[in-house]
Amino acid sequence: MNNNDRPQSEEIGEMSVRRTTMPDGRYLIYFEFGEPVSPGETKNGDTIKSDDTDV
Amino acid sequence: MSELRFNPLRGEWLATATHRQDRTFLPPPGFCPLCPTQEGGFPTEIPESSYDIVAFENRFPSLLSRPPEPAIDPTDLYAVEPSRGVCEVVVYTPEHASTLAQQPVEQLLKLVRVWRNRFEELDALDFVNYVFIFENKGEVVGVTLHHPHGQIYAYPFVPPIIARELEQTRRHFETTGGCLLCDIVGEEANFGARIVVENDSFMAYIPFFARYPFETHLAAKRHIQAFTDLSRDEELDLASILKQLLSAFDRIFEMPFPYVMAIHQRPSDGGPYDHYHFHIEFYPPMRTVSKLKYLAGSEIGAGMFINDTLPEQKAEELRKLVEPVKWKNQN
């Protein structure tokens, strides 16, 4: 079975990467797709609290 | 306590990680550490109330970027090293009661991009020599959390199965001038009966030498070595064929099909690996709806697997269960 059908365009949007640090020092990376969000905010509208930096 | 000990008899490293005995084991509903944290609810590993995909350092790692000194001294015979490396958890979706197979193909494409990102970053670390991306799915393969997720181990050495594949592919290249995986894909294409599904960029097949009834290999048709070599079209095709294959797995016994998924890429030690070839290996332990393929005397003690089935027959069964992929934005 050969499926060569690709979508006309991608619907997932560009990937943005937001790196945070947990209280115990481990990193936690959010990968978000779609429309870019405002600086300092997540897609859910939450305010970014920790030392977030892009990797 | 955590350290790497060398087995001189087999020529391979193993990790001790005694703290992992205390890791979270099949928590009750409402206490999943991989779910988003809800207001007033159990604080999970992920503080936000929703996410697409997240990756984080494992709370119970067997390898650490800043490991403790080994608790035991080496001898002339027994080498010991700090367990330096990275262990990450990759959470595929915020939906707890789901599987990778049940996710829309668009989510698999997101995951392919995340895998590529994690490989690229870990590959660049000077103490990492191999980035191993994998998933354990199902309690029968040892899953301790049901939430859909995979893991990444960034080892300070090339692990033995990869090392053996590297040696075999190097020998084949020196003998024939060709790539072993390219030749395997070519032979499977010519034979046909072991192919499960294929598209322009990838082929999934139950190999001639399958050790498990539904062992399936998914190989790139182009000779590439790692996620970072994938074109945009190949990323789409990988998401597409993963969706088809994993969905077909779930249809075999009409249940979420357990497996170990092992993504095999080139090492990260800067060596010349043009002879190696990107592929993914799936090891489902089930041989019937009620029977598991156990590793026993011959497999564990001598390393020779006994497969109670024929790959050609199992590939036919699986091939019949493959369905087209539906992208949201497809004519």
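This structure is a prediction, so every number in the text was calculated from the model and none was measured. What you see as residue numbers is a count from 1 along each chain, following the sequence as written. Starting at A for chains and at 1 for ligands, labels are handed out in the order in which the entities are written. Residue-level local features of this predicted model are given only where pLDDT is at least 70; pairs of side-chain atoms are given and counted only at 80 or more, and the full residue set underlies all totals for whole chains, interfaces and linings.

Peer 1: With reference to specific residues and values, describe the overall build of chain A.
Peer 2: Within chain A, the regular secondary structure consists of zero helices and two strands. Split into buried and exposed, the 55 residues of chain A put 20% on the buried side. Contact between two residues is assigned when their C-beta atoms, built from the backbone, lie within 7 Å. The contacts of chain A with a sequence gap of at least 6 include a subset with a gap of at least 24, amounting to 33%. Segments assigned H or I by DSSP are reported as helices when at least four residues long, segments assigned E as strands when at least two residues long, and all are numbered from the N terminus. With C-beta atoms placed from the backbone, a residue counts as buried when 20 or more other C-beta atoms lie within 10 Å of its own, as exposed when 12 or fewer do, and as partly exposed for counts between those limits.

Peer 1: Can you break down the nonpolar core residue by residue, with the values?
Peer 2: Grouped together as the largest cluster of nonpolar side chains are 83 residues, with contacts concentrated most on Ile 53, Val 54, Val 131, Ala 154, Val 196, Ala 204 and Leu 245 of chain B. Ranked by residues supplied to this core, first place goes to helix α4 (residues 232-252) of chain B with nine residues. Here Val 54 of chain B is in contact with Leu 28, Ile 29, Tyr 30 and Phe 31 of chain A together with Ile 46 and Val 91 of chain B, once residues within four sequence places are set aside. Linking buried Ala, Val, Leu, Ile, Met, Phe, Trp, Tyr and Cys residues through C-beta atoms within 7 Å yields a set, and such a set is a nonpolar core.

Peer 1: Any chance you could break down the interface of chain A and chain B for me, citing the residues and the numbers?
Peer 2: With 25 residues of chain A at the contact, the number on the chain B side is 35 residues. Secondary-structure elements contributing two or more residues to the side of chain A that touches chain B are β1 (15-21) and β2 (27-33) of chain A. Polarity classes work like this: nonpolar for Ala, Val, Leu, Ile, Met, Phe, Trp, Tyr, Cys and Pro, charged for Asp, Glu, Lys and Arg, and polar for all others, with Gly in that last group. When grouped by side-chain class, the residues that make up the side of chain A that touches chain B number twelve nonpolar, seven polar and six charged. For two strands to be treated as a pair, DSSP must find at least two bridges joining them. Summarising the sheet, β2 of chain A and strand β3 (residues 53-57) of chain B pair through four bridges and their orientation is antiparallel.

Peer 1: Mind laying out the sheet that holds strand β1 (residues 2-7) of chain B, listing which residues take part and the relevant values?
Peer 2: Residues and elements named next belong to chain B. Pairing in this open sheet of three strands is antiparallel, and the strands run β2-β1-β4 from one edge to the other. The sheet is open, and its two edges are formed by β2 (12-17) and β4 (80-81), each paired on a single side. Two elements, β1 and β4, share two bridges in a ladder whose sense is antiparallel. From the neighbouring strand, Arg 5 faces β4, where its bridge partner is Val 80.

Peer 1: I'd like to hear about the confidence of the model for chain A, residue by residue, with values.
Peer 2: As a per-residue quantity, pLDDT reports the predictor's confidence and falls between 0 and 100. For chain A, per-residue confidence averages 72 on the pLDDT scale, and residues scoring 70 or more make up 55% of the total. Within the model, the stretch residues 48-55 of chain A combines pLDDT values under 50 with 17 contacts to residues more than four positions away or in other chains.

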